Amino acid sequence: MRTGIISAALAFLCWGLFPLYFHAVKEVPSMQILAHRMIWSLAFLLIVLALRRQWRWLEQVRQPRVFWSFVASALLLSANWLLYIWAVNNGHVIEASLGYFINPLVNIMFGYLLLKERLRRVQWSAIAIAALGVAWLTWQSGAVPWIALCLAASFGAYGLLRKTAALGALEGLSFETMVLFPIAAIYVGWLTLHGENAFLNTSSDATRWLLIAAGPITAVPLLLFASGARQIPLSILGLLQYLAPTIQFLLGVLLFKEAFTADRLVGFALIWAALILFAGEGLIRSRQNRG
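Nothing here was measured: the structure is a model prediction, and the numbers come from that model.

### Let's talk about the overall build of the protein chain
In terms of regular secondary structure, the protein chain is built from 14 helices and zero strands. Along the protein chain, from the amino end to the carboxyl end, the secondary structure elements read α-α-α-α-α-α-α-α-α-α-α-α-α-α. Scaling as 2.2 N^0.38, a compact globule of 291 residues should have a C-alpha radius of gyration of about 19 Å, and the protein chain matches this with 20 Å. By its C-alpha atoms, the protein chain is 55 × 45 × 35 Å across when sized along the principal axes. Counting over 291 residues, the protein chain shows a buried share of 44%. Relative to all contacts within the protein chain whose residues are 6 or more apart in sequence, the contacts with residues 24 or more apart total 84%. When the accessible surface of the protein chain is split by element, carbon and sulfur atoms take 67% of a total near 14900 Å². Placing the 21 positive and 11 negative side-chain charges of the protein chain at their respective mean positions leaves the two points 13 Å apart.

### Describing helix H5 (residues 93-114)
Spanning 22 residues, H5 covers 30 Å between terminal C-alpha atoms, matching the ideal 32 Å at 1.5 Å per step. Along H5, the helix axis deviates most sharply at Asn-103, where the bend reaches about 40 degrees; the proline Pro-104 sits within four residues downstream. In terms of burial, H5 is a largely internal element, 16 of the 22 residues being buried. Following H5 by one or two positions, Lys-116 adopts a phi angle in the positive range, close to 60 degrees.

### Some thoughts on the packing of aromatic side chains
According to the stated counting rule, one finds 20 aromatic pairs in the structure shown. With 5.7 Å between their ring centres and 80 degrees between their planes, Phe-18 and Phe-22 make a pair best called edge-to-face. Residue Phe-18 and its partner Phe-22 are both found in helix H2 (residues 18-24); the two are separated by four residues, about one turn of the helix. On the basis of relative accessible area, Phe-18 is assigned to the buried category, the value being 8%. With a centroid separation of 5.8 Å and 35 degrees between ring planes, the pair formed by Phe-155 and Tyr-158 is classed as tilted. Taken together, the residues span about one helical turn, with Phe-155 and Tyr-158 both in helix H7 (residues 146-163) at a distance of three residues.

### A few points about the environment of Phe-260
With respect to the helices and strands, the residue Phe-260 is situated in the loop between helix H13 (243-255) and helix H14 (262-290). Since its relative accessible area comes to 24%, Phe-260 is described here as partly exposed. With 12 residues separating them along the chain, Phe-260 and Gln-248 place their C-alpha atoms 14 Å apart. Not counting residues up to four positions away in its chain, the partners in contact with Phe-260 are Ile-94, Phe-249, Val-253, Leu-265 and Phe-268.

### Here's the deal with a nonpolar patch on the surface
Among the surface-exposed residues, Ile-6, Leu-10, Leu-13, Leu-17, Leu-20, Leu-243 and Leu-255 lie close enough to one another that they form a single nonpolar patch of about 540 Å² accessible area. Taken together, the elements giving at least two residues each to the nonpolar patch come down to helix H1 (2-16) and H13. In this fold, Leu-243 is placed in helix H13. Here Leu-243 falls in the partly exposed class, since its relative accessible area comes to 32%.

### Points about H13
Between its first and last C-alpha atoms H13 spans 17 Å; for 13 residues at 1.5 Å apiece the expected length is 18 Å, and the two agree. Phi for Lys-257, located one or two positions after H13, is positive at around 55 degrees.

Procedures and definitions
- Residues numbered from 1 in each chain as written.
- Predicted model: local features only at pLDDT ≥ 70, side-chain atom pairs only at ≥ 80, totals over all residues.
- Heavy atoms only, no water.
- Helix = DSSP H or I, 4+ residues; strand = E, 2+ residues; numbered from the N terminus.
- Rg over C-alpha atoms; globule rule 2.2 N^0.38 Å.
- Buried < 20%, exposed > 50% of the residue type's maximum accessible area, 1.4 Å probe, protein only.
- Contact = heavy atoms within 4.5 Å.
- Areas by Shrake-Rupley, 256 points an atom, 1.4 Å probe, with all protein chains shown as cover.
- Lys, Arg positive; Asp, Glu negative; His and termini not counted.
- Charge placed at Lys NZ, Arg CZ, Asp CG, Glu CD.
- Expected span 1.5 Å × (residues − 1).
- Bend = angle between axes of the 7 residues up to and from the residue.
- Phe/Tyr/Trp six-rings, centres within 6.5 Å; stacked < 30°, edge-to-face > 60°.
- Patch = residues over 30% accessible without salt bridge, like charges linked within 9 Å, V, L, I, M, F, W, Y side chains within 5 Å.
- Salt bridge = Lys/Arg side-chain N within 4 Å of Asp/Glu carboxyl O.

Take a look at the structure:
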């Protein structure tokens, strides 16, 4: 249990600190950061797979249903990555964190609408309160918080596909990066031919090493998460998942000095209240079931 909690907490801590990484390479355009993330992630994952001699899963990928489901999840993952990178590097860390606060409630709605899962009254109440918070943020700012909603929806849809996927975390991410690699390689090649490759043009060796580090920075938290998820109850995992957006939110307010007015606080408070209600009810029910 202790090892599982530590593994999962470290994964969410890494994800929470992601804005620091993307801010460190903000001189590189978002599309190029995404491309390097795909390329170096695949390189790192192939090393891990080679060390573990874990290749049998490639036979499953030949099945059309498995192949196309992972193509879809790869496209959703890349869209989520790109939007998140852009948001961080354009001063929207707080709104990006909001997307991952909302994400658990989006997962519930997807489960209800697509997997025909039944919702309890407290869960409906949590969704209603969160929707009120989003409505308030839309009204007071005059615009829908589209970054948060798109991040929550894309990651929710990605999670839905991975929930029913035939491959595990390591194998699934490896195949997703295999799917995305040709696109990334062609894009980086095109940039190189036109003299726009930031990896080659930058005068900073630190930037180059940071782009290479995108591989382990992407893969290690996922492997920690997969390890932790197998060893601890879902109720504890559900509570730990709020660590990442909380850290992102604090970075946006305290480090990046993004505007956070009293009106905006009201909307966030409603969403936080919904999450507390949702997490508390889940924790109580889990204890009752164990009892």
